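Report on the structure
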Amino acid sequence: MVRLGLRRFAKSENGSVAIMFGFMLIILALFSGLAIDLSRVYSTSSFVSAAIDSTALAVARELQTRDMDNDEVERFAALRFDALVNGNRKAATGIEFDDLDVSVNRGDETVTVTAASVVPAYFAGLAGHDTFTVREATSVSYNTRVVELSLMLDVTGSMGGTKIDALRAAARDLVEEMIPENPRKKSNRVALAPYSAAVNVAGLAEDLLPSGTESVDGCVLSRAGAYEATADRPSSGRYMVAYDPANPLVDLDPTSGESNYRCPDATILPLSNDRDDLFDAIDALSAGGYTAGHLGAAWAWYLIAPEWRSMFPSSSKPARANDADTIKSVLLMTDGEFNTLFNGTTGDTSDMRTRDICDAMKADGVNVYAVAFEAPFAAEQTLRYCASSPTHYYNADNAAELRSSFVEIAKALTSLRLTD
């Protein structure tokens, strides 16, 4: 019996199974722990990557607006990175950050930021691996391309009351986003083209009209014929026309029988990087009159068109056509249907002319953004047609959305590029 029991014990595998099961539990525990460690490493990598992206963008924005030597760049970057790390202590708990490095390639106009972090290993230490080191790098282009942006601003009667207040606020937001308080000599510039039934060009009118004619109020209308959808500089056959009270041309009010014409009080403002001048012009916007949208679109184009350089003072001259460092854009904005056309051709409408002008602008390389502000369907359709792409079109149903749209457009135009 004793021998039989010994033989059974010798043949039994229960003990080896238990040992193997124990080893498996240990291995599973190690793998589970390692998965937790690796998850923390991945989370840290994402955190560091976001922090250096933000740091690099901040440095690049500073380099766009002011000169900084390498020491200044390093100090600025360190403060920015530390603020990001300290601002999210939950993500950074237990992690050591070091080796922040910032380099500026002034020839290529890029900023490169690298940073390392040491993550303690909770479970991998059992296998002799106490820490993980995470190193991330990113590069940002801060190229010196500047933006020339012209705003077509609806100041018609339907924009009265709170709407014109919203437009003033949105336009101010855009200027603040695009132009720093102390801009460099070469910087973004903004132009204003307020419109209603006409466009008020003030003292510029005499240079835009044929010899022997004048504007009684500083306003001009569009040119007719083959040049109505071009940015050709005024010259023989290409002049603007002025409103003639004795010959109102078209568009009599169906109710009163009187002309729909009204010269807006707000005048155009050529390209400028002077925030105070822009703010003063924006604050002076007032509403009144019908909607000749094609005039607003045309003048938004003229204010950035190379062909019009000779018409404006030196500080407001648009960049030349071959200037690869300049981005030309317009922002078209309305709250109503384009319903007024003077000097019109039979069958022609303000909406039709606007679309022709938009086609010509886009063919000329102009980026066209469009914002419909509580506008009817017909106006929305025209602005969608004019926008350079679906992402260039914004539909604002209230004042807050109008301001948000203007800021988003400004940010899109001035955004910096992450190159890695």
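Residues numbered from 1 in each chain as written. Predicted model: local features only at pLDDT ≥ 70, side-chain atom pairs only at ≥ 80, totals over all residues. Heavy atoms only, no water.

Quick look at the overall build of the protein now. Across its full length, the protein carries eleven helices and twelve strands. Within the protein, the fraction of its 420 residues that count as buried is 45%. With the model as given, the accessible surface of the protein reaches about 20,600 Å², and the carbon-plus-sulfur share is 52%. (Helix = DSSP H or I, 4+ residues; strand = E, 2+ residues; numbered from the N terminus. Buried < 20%, exposed > 50% of the residue type's maximum accessible area, 1.4 Å probe, protein only. Areas by Shrake-Rupley, 256 points an atom, 1.4 Å probe, with all protein chains shown as cover.)

The next point concerns helix α7 (residues 275-283). Turning to α7, its buried residues are R275, L278, F279 and I282. Burial along α7 is one-sided: seen end-on, the buried residues are contained in an arc of 100 degrees. Opposite the packed face of α7, turned more than 90 degrees from it, sit the exposed residues D276 and D280. The secondary structure elements touched by the buried residues of α7 are α5 (162-178), β5 (189-195) and β8 (269-272). A side-chain oxygen of the first residue of α7 lies 3.0 Å from the backbone nitrogen of D276; this N-cap is D274. (Arc of directions from axis to C-beta. Contact = heavy atoms within 4.5 Å. Polar contact = N/O pair within 3.5 Å; in protein donor to acceptor, adjacent residues only side chain to side chain.)

Here we come to the nonpolar core. Residues V201, L208, W299, W308 and L332 are the most contacted members of the largest nonpolar core, which totals 55 residues. Where this core is concerned, the elements lending two or more residues are β5, α6 (205-208), β7 (219-220), α8 (293-302), β9 (326-334), α9 (350-363), β10 (367-373) and α10 (377-386). The contact partners of L208, leaving out residues within four places of it in the chain, are V201, V220, P234, Y239, M240, W299, W308 and M311. Judged by nonpolar contacts, the second largest core, of 36 residues, contains A166, L192, Y369 and A410. (Core = buried A, V, L, I, M, F, W, Y, C linked by side-chain atoms within 4.5 Å.)

Another aspect to go through is the pairing of β9. Of all nine residues making up β9, nine are buried, and the element is well covered by its neighbours. Side chains T326, K328, V330, L332 and T334 of β9 all project onto a buried face; the interleaved residues I327, S329, L331 and M333 project onto the opposite face, where all are buried too. In the sheet, strand β4 (residues 146-154) pairs with β9 via seven bridges, with the strands oriented parallel. Counterpart to L149 in the pairing with β9 is S329. With six bridges joining them, β9 and β10 adopt parallel strand pairing. The residue of β10 that forms the bridge with M333 is V371. (Pairing = 2+ DSSP bridges.)

The next point concerns the pattern of salt bridges. What the rule picks out here adds up to ten salt bridges. Here K163 and E374 are joined by a salt bridge, their closest N and O atoms 4.0 Å apart. Of the two residues, K163 sits in helix α5 while E374 sits in the loop between β10 and α10, which places them 211 residues apart along the sequence. Among the salt bridges present, the one from R172 reaches D283, with a minimum N-O distance of 3.1 Å. Linking R172 in helix α5 with D283 in helix α7, this pair joins segments that are 111 residues apart in sequence. Residue classification places D283 among the partly exposed positions, given a relative accessible area of 42%. By sharing partners, the salt bridges in this structure join E148, R189 and K328 into a single network. (Salt bridge = Lys/Arg side-chain N within 4 Å of Asp/Glu carboxyl O.)

Relative to each other, α5 and α7 sit at 170 degrees, their axes nearing to 9 Å. By the angle between their directions, the pair α5 and α7 is classed as roughly antiparallel. For the pair α5 and α7, the contacting residues are R168, A171, R172, V175 and E176 in the first and R275, L278, F279, I282 and D283 in the second. For the contact of α5 with α7, a count of residues per class yields five nonpolar, no polar and five charged. (Axes fitted to C-alpha atoms, helices over the stretch in contact; angles between N-to-C directions. Parallel < 35°, antiparallel > 145°, perpendicular 65-115°, else oblique. Nonpolar A, V, L, I, M, F, W, Y, C, P; charged D, E, K, R; others polar.)

Before going further, it helps to spend a moment on the environment of D82. Here D82 shows up in helix α3 (residues 70-86). Note on D82: relative accessible area 42%, which makes it partly exposed.

This brings us to the pairing of strand β11 (residues 393-396). Sheet analysis places β10 next to β11, joined by four bridges and oriented parallel. Residue pairing in the sheet places V371 in a bridge with Y394 of β11. Viewed along the sheet, the connection from β10 through α10 into β11 turns out right-handed. (Right-handed = clockwise from strand over helix to strand, strands pointing away.)

With that settled, consider the packing of aromatic side chains. Two descriptors summarise a pair of aromatic rings, namely the distance from one centre to the other and the angle between the planes of the rings. Counted under the stated rule, the structure contains five aromatic pairs. Pairing Y302 with W308 gives two aromatic rings, centres 4.4 Å apart and planes at 10 degrees, and the pair type is stacked. W308 carries the same exposure label as Y302, and that label is buried. On the numbers, 6.3 Å between centres and 25 degrees between planes, the contact of W308 with F312 is stacked. In this structure, W308 and F312 share a single accessibility class: buried. Three or more aromatic residues link up through ring pairs in this structure, and these residues are W299, Y302, W308 and F312. Against the face of F373 rests K163, its NZ or CZ located 5.5 Å from the ring centre. If you follow R172 out to its NZ or CZ, it ends over the ring of F279, 4.0 Å from the centre. (Phe/Tyr/Trp six-rings, centres within 6.5 Å; stacked < 30°, edge-to-face > 60°. Lys NZ or Arg CZ within 6 Å of the ring centre and 35° of its normal.)

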